[in-house]
Amino acid sequence: MLFRRRAASIFMFIRKLLYFALICGLLWLLWLGLRGVMSTEEDEQAVKVLNEFYTMEQAGNFGGSWELFHSQMKKKFEKSTYVQQRAHVFMQDMGTDTFTFELGEPQAEYDIRTDQDGEGVEKAYRIKVTQHYKTRFGTFDIVQPCYVTQEGEEWRVLWIYKEKE
């Protein structure tokens, strides 16, 4: 009789434990789903703008890509200077007229600064960009973390400048 009571209480304990694990699993899946739904639209916008930026760069439309810069970046580069230097470095110096690129997964980051003295950006998406060049000097990959943030109603591209570590 005592054995049956112990077996029944152990069975009840295991059953409660399984219910608890099932509820925790469902809550975890619900949280992941809501998190994905809520951030997916912003993630997609960030990737779309960065893809547009590098597609213009790929075509040599540096003036068009400059227009997608955040105002902090536009302060760093005048449009004419940016267009001339980008074309000069990549097309003339490296001897290439285009490149291919890959975009990584967007990751939200908060309170970032373009440089140590720069104005902070509340929220931005960090996306790793890999550019593949075939030049007269060989094949090169340039890997750069880029940031995309909302400025007003528009999504804009930022590069981060940190002092040497």
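For the structure, see preceding data.
This write-up is about the structure you can find in this document.

Conventions adopted
- Residue indices begin from 1 for each chain and proceed along its sequence in written order.
- Two thresholds apply to this predicted model, a pLDDT of at least 70 for residue-level local features and 80 or more for giving and counting side-chain atom pairs, whereas whole-chain, interface and lining totals are computed over all residues.
- Only hydrogens and water are removed before side-chain values are computed, so all heavy atoms of the structure are retained for them.
- Here, a salt bridge means any Lys or Arg side-chain nitrogen found within 4 Å of an Asp or Glu carboxyl oxygen.
- Under the scheme applied here, a residue whose accessible area is under 20% of the maximum for its type counts as buried, over 50% as exposed, and between as partly exposed, the area being computed with a 1.4 Å probe on protein chains only.
- Each helix is a run of H or I in the DSSP string that is no shorter than four residues. Each strand is a run of E no shorter than two, and both are numbered from the N terminus.
- Definition of a polar contact: a pair of N or O atoms within 3.5 Å, with one able to donate and the other able to accept a hydrogen when the atoms are protein atoms, and with sequence-neighbouring residues admitted only if both atoms are side-chain atoms.
- Contacts: residue pairs with any heavy atoms within 4.5 Å of one another.
- Two strands form a pair only when DSSP identifies at least two bridges running between them.
- Pairs were defined over the aromatic rings of Phe, Tyr and Trp, the Trp ring being its six-membered one, requiring ring centres within 6.5 Å. Orientation was assigned from the angle between planes: stacked under 30 degrees, edge-to-face over 60, tilted for the rest.
- To sit over a ring, a charge needs its Lys NZ or Arg CZ within 6 Å of the ring centre and within 35 degrees of the ring normal.

## Observations concerning the pattern of salt bridges
Here is step 1 of the chain: All chains considered together, the criterion is met by five salt bridges.
Here is step 2 of the chain: Between Glu67 and Lys74 there is a salt bridge; the shortest N-O distance is 4.0 Å.
Here is step 3 of the chain: Judged by relative accessible area, which is 35%, Glu67 ranks as partly exposed.
Here is step 4 of the chain: A salt bridge links Arg126 to Glu109; the shortest N-O distance between them is 3.7 Å. Taken together, the residues span a long stretch of sequence, with Arg126 in strand β3 (residues 120-135) and Glu109 in strand β2 (residues 107-113) at a distance of 17 residues.
Here is step 5 of the chain: Of the residues examined, Arg126 reaches a relative accessible area of 29% and is grouped as partly exposed.
Here is step 6 of the chain: Connected through salt bridges with shared partners, the residues Glu67, Lys74 and Lys79 form a single ionic network.

## So, the side chain of Arg86
Here is step 1 of the chain: Checked against the element boundaries, Arg86 lands in helix α4 (residues 79-93).
Here is step 2 of the chain: Within polar-contact distance, the side chain of Arg86 engages the side chain of Glu57 at 2.6 Å.
Here is step 3 of the chain: Leaving out residues up to four positions away in the same chain, Arg86 has contacts with Tyr54, Glu57, Phe62, Met91, Gln131 and Trp159.

## Quick word on the pairing of strand β4 (residues 138-151)
Here is step 1 of the chain: Where β3 meets β4, 11 bridges bridge the pair, whose relative direction is antiparallel. Along β4, the bridge assignment pairs Ile127 with Cys146.
Here is step 2 of the chain: Taking the residues that link successive antiparallel strands as the turn, the β3-β4 hairpin has two residues.
Here is step 3 of the chain: Alignment of β4 against strand β5 (residues 154-159), held across six bridges, turns out to be antiparallel. Looking at the pairing, Cys146 lines up with Trp159 of β5.
Here is step 4 of the chain: Between β4 and β5, which pair antiparallel and follow one another directly, the connecting turn spans two residues, one of which, Gly152, has a positive phi of 70°.

## Quick look at the environment of Ala87
Here is step 1 of the chain: For Ala87, the position within the fold is in helix α4.
Here is step 2 of the chain: The spacing of Ala87 and Asn61 is 26 residues in sequence and 9.2 Å in space, taken between C-alpha atoms.

## Focus on the packing of aromatic side chains
Here is step 1 of the chain: Throughout the structure, instances matching the rule amount to 14 aromatic pairs.
Here is step 2 of the chain: Their ring planes at 50° and their centres at 5.3 Å tell us that Phe53 and Phe69 sit as a pair that is tilted. Residue Phe53 is found in helix α1 (residues 2-58), and its partner Phe69 is found in the loop between α2 (62-66) and α3 (71-76); the two are separated by 16 residues along the sequence. Note on accessibility: Phe53 and Phe69 belong to one class, buried.
Here is step 3 of the chain: Residues Phe69 and Phe77 carry aromatic rings whose centres are separated by 6.3 Å and whose planes lie at 20° to one another, so their mutual orientation is stacked. This pair shows no difference in class: Phe69 is buried, exactly as Phe77 is.
Here is step 4 of the chain: Site record: aromatic cluster; members linked through ring pairs are Phe53, Tyr54, Phe69, Phe77, Tyr82, Phe90, Phe99, Phe101, Tyr133 and Trp159.
Here is step 5 of the chain: The ring of Trp66 carries the charged tip of Lys74 above its face, separated from the ring centre by 5.0 Å.

These results come straight from atomic positions and should not be treated as a statement about function.
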